[in-house]
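Structural features, examined
Spelled out, the chains give:
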Amino acid sequence: MSKIILASGSPRRKELLEQIGIEFDIITSDVDETTLITQPDEYVKYLSRIKAQAVWDMVKDDDDYRNEDVVVIGADTIVSHKGHILTKPKDTGNAFDILKELAGDCHQVYTGVTLIKNNNVVSNFAEKTDVYCNDISDNEIREYISTGEPMDKAGAYGIQGRFAAFIGKIDGDYNNVVGLPVARVYQELKLWLN
Ligand SMILES: Cc1cn([C@H]2C[C@H](O)[C@@H](COP(=O)(O)OP(=O)(O)OP(=O)(O)O)O2)c(=O)[nH]c1=O
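This structure is a prediction, so every number in the text was calculated from the model and none was measured.

1. Some words on the overall build of the protein
The helix and strand inventory of the protein stands at six helices and seven strands. Written out in order from the N terminus, the α and β elements of the protein read β-α-β-α-β-β-α-β-β-α-β-α-α. In terms of overall dimensions, the protein is globule-like: its C-alpha atoms have a radius of gyration of 17 Å, near the 16 Å expected for 194 residues. When its C-alpha atoms are laid out on the principal axes, the protein stretches across 55 × 30 × 30 Å. Within the protein, buried positions represent 48% of all 194 residues. Long-range contacts, defined here as pairs at least 24 residues apart, represent 71% of the contacts in the protein between residues at least 6 apart. A total of about 9,600 Å² of accessible surface is found on the protein, and carbon and sulfur atoms cover 44% of it. Put simply, the protein has 21 plus and 32 minus side-chain charges, and the middle of one group is 2 Å from the middle of the other.

2. Digging into the packing of helix α3 (residues 92-102) against helix α4 (residues 138-146)
For the pair α3 and α4, the least separation of the axes is 10 Å and the interaxial angle reads 135°. For the element pair α3 / α4, the angle class is oblique. Crossing handedness for the pair α3 and α4: right-handed. Here α3 contributes Thr-92, Ala-95, Phe-96, Leu-99 and Lys-100 to the contact with α4, which in turn contributes Asp-138, Ile-141, Arg-142, Tyr-144 and Ile-145. Classifying every residue of the contact of α3 with α4 gives six nonpolar, one polar and three charged.

3. What about the site of the ligand?
Near the ligand you find 19 residues, and of these Ser-8, Gly-9, Arg-13, Lys-51 and Lys-88 are the closest. Contact distances for the ligand include 2.6 Å between an oxygen atom and a side-chain N or O atom of Ser-8. Computed on the free molecule, the ligand has an accessible area of 610 Å², of which 91% lies beneath the protein chains in the complex. Cavity membership is defined here by more than half of the atoms lying within 2 Å of grid points; on that basis the ligand lies in the largest pocket.

4. Some words on the UniProt feature "active site" (unreviewed entry) in the protein
Feature annotation in UniProt places "active site" (unreviewed entry) on Asp-76, given in this structure's numbering. Turning to its location among the elements, Asp-76 is positioned in strand β3 (residues 70-81). With a relative accessible area of 5%, Asp-76 lands in the buried category. With sequence-adjacent residues up to four places away left out, Asp-76 is seen in contact with Arg-13, Glu-33, Tyr-43, Val-44, Leu-47, Ser-48, Lys-51, Tyr-110, Thr-111 and Gly-112. A distance of 2.8 Å separates a polar atom in the side chain of Asp-76 from a polar atom in the side chain of Lys-51.

5. Quick look at helix α1 (residues 11-19)
Turning to α1, its buried residues number three or more, namely Arg-12, Arg-13, Leu-16 and Leu-17. The buried side chains of α1 occupy one side of the element, clustering within an arc of 125° when seen end-on. In α1, the exposed positions angled more than 90 degrees off the buried face are occupied by Glu-15 and Gln-19. Buried residues in α1 make contact with β1 (3-6), α2 (40-59), β3, α5 (174-178) and α6 (182-192).

6. Structural notes on the side chain of Thr-129
Following the sequence through the fold, Thr-129 ends up in strand β6 (residues 120-133). Since its relative accessible area comes to 0%, Thr-129 is described here as buried. A distance of 2.9 Å separates the side chain of Thr-129 from the backbone oxygen of Asp-173, its partner in a polar contact. Beyond its immediate sequence surroundings of up to four residues, Thr-129 is in contact with His-107, Gln-108, Val-109, Ile-170, Asp-171, Gly-172, Asp-173, Asn-176 and Val-177.

What counts, and where the lines are drawn
The residue count restarts for each chain, going from 1 along the sequence in the order it is written. Owing to the predicted nature of the model, reporting of local features is limited to residues with pLDDT of at least 70; listing and counting of side-chain atom pairs is limited to 80 or more, with chain, interface and lining totals taken over all residues. Note that water and hydrogens are dropped before the side-chain values are worked out from all heavy atoms of the structure. Note on conventions: DSSP H or I runs of at least 4 residues are helices, E runs of at least 2 residues are strands, and numbering of each starts at the N terminus. Here the radius of gyration uses the C-alpha set of atoms, whereas the globule reference equals 2.2 Å times the residue count to the power 0.38. Under the scheme applied here, a residue whose accessible area is under 20% of the maximum for its type counts as buried, over 50% as exposed, and between as partly exposed, the area being computed with a 1.4 Å probe on protein chains only. Residues are treated as being in contact if the distance between any of their heavy atoms lies within 4.5 Å. Calculation of accessible area relied on Shrake-Rupley with a 1.4 Å probe; when residues are assessed, cover is drawn exclusively from the protein chains displayed. In this tally, Asp and Glu contribute negative charge and Lys and Arg positive charge; neither His nor the terminal groups of the chain are included. Charged side chains are reduced to one point each, which is NZ for Lys, CZ for Arg, CG for Asp and CD for Glu. Note on definitions: angles span 0 to 180 degrees between N-to-C directions of axes, and those axes are lines fitted to C-alpha atoms, for helices only across the stretch in contact. Each angle receives one of four descriptions, namely roughly parallel if under 35 degrees, roughly antiparallel if over 145, roughly perpendicular if within 65 to 115, and oblique otherwise. Two helices that cross are described as forming a left-handed crossing if the nearer one is turned anticlockwise from the farther one by less than a right angle, and a right-handed crossing if clockwise. Residues were grouped as follows: Ala, Val, Leu, Ile, Met, Phe, Trp, Tyr, Cys and Pro as nonpolar; Asp, Glu, Lys and Arg as charged; and all remaining residues, including Gly, as polar. We call a residue near a given molecule or strand whenever any one of its heavy atoms falls within 4 Å of it. Nitrogen and oxygen atoms within 3.5 Å of one another constitute a polar contact, given that in protein one can donate a hydrogen and the other can accept it, and given that sequence-neighbouring residues count only through two side-chain atoms. Cavities and pockets were defined on a 1 Å grid built from protein atoms only: a cavity is a group of points that admits a 1.4 Å probe but offers it no way out, a pocket is an open group of points flanked by protein on both sides within 12 Å along at least five of seven lines, and a lining residue is one with an atom within 4 Å of any such point. Molecule-in-pocket calls rest on the fraction of atoms, with more than half required to lie within 2 Å of the cavity or pocket grid points. UniProt positions are given in the numbering used here, feature names are shortened, and annotations may be inferred rather than shown by experiment. This arc is taken over the directions from the axis of the helix to the C-beta atoms.

As structure tokens, then:
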């Protein structure tokens, strides 16, 4: 049986993979996330790949994994609004600016996923979901930021949390917004697990 490693410290990704009944280990790395890529789908495909690659490099000579079939899953999520990329907010002022920009408009959430099996990149894709935000007043934004929810999330919000109050509709996979498009990940895993 293949061993699966989730190369992510995101509690949301752990929950989503658990939700579909997959058994896996979690190993995280600390990759340098700076890149000059500006195209959202290429950006998340690249970052998910370097996260998966870093963990593969850590485990490839490890006694627990050396003689096993190992599949490493890396992922990266960003928000894109009018063609520019929004990652996690740097501070609460930045969170305010981001949420002000997203209010009353449609934006895209991209999650990139990479599967590495035995040193080969066997899957590297980006999934897009359109998200429509209702109008949000400055006071509502300030209150939302005071919950602390935005700070570790791309686009400074969590659709699975209090920000649900401001989502008019989405077009695409909800789980992709939360950080992992598990239905597509499952389809890919089926191809590569034994
Ligand atoms: C848009 C959105 C993002 N997010 C989260 C998912 C990701 O955890 C985070 C984006 O940051 P990422 O850099 O993709 O991931 P991470 O730093 O949390 O974890 P790792 O690099 O170890 O894999 O934003 C939500 O939880 N809800 C949302 O609605």
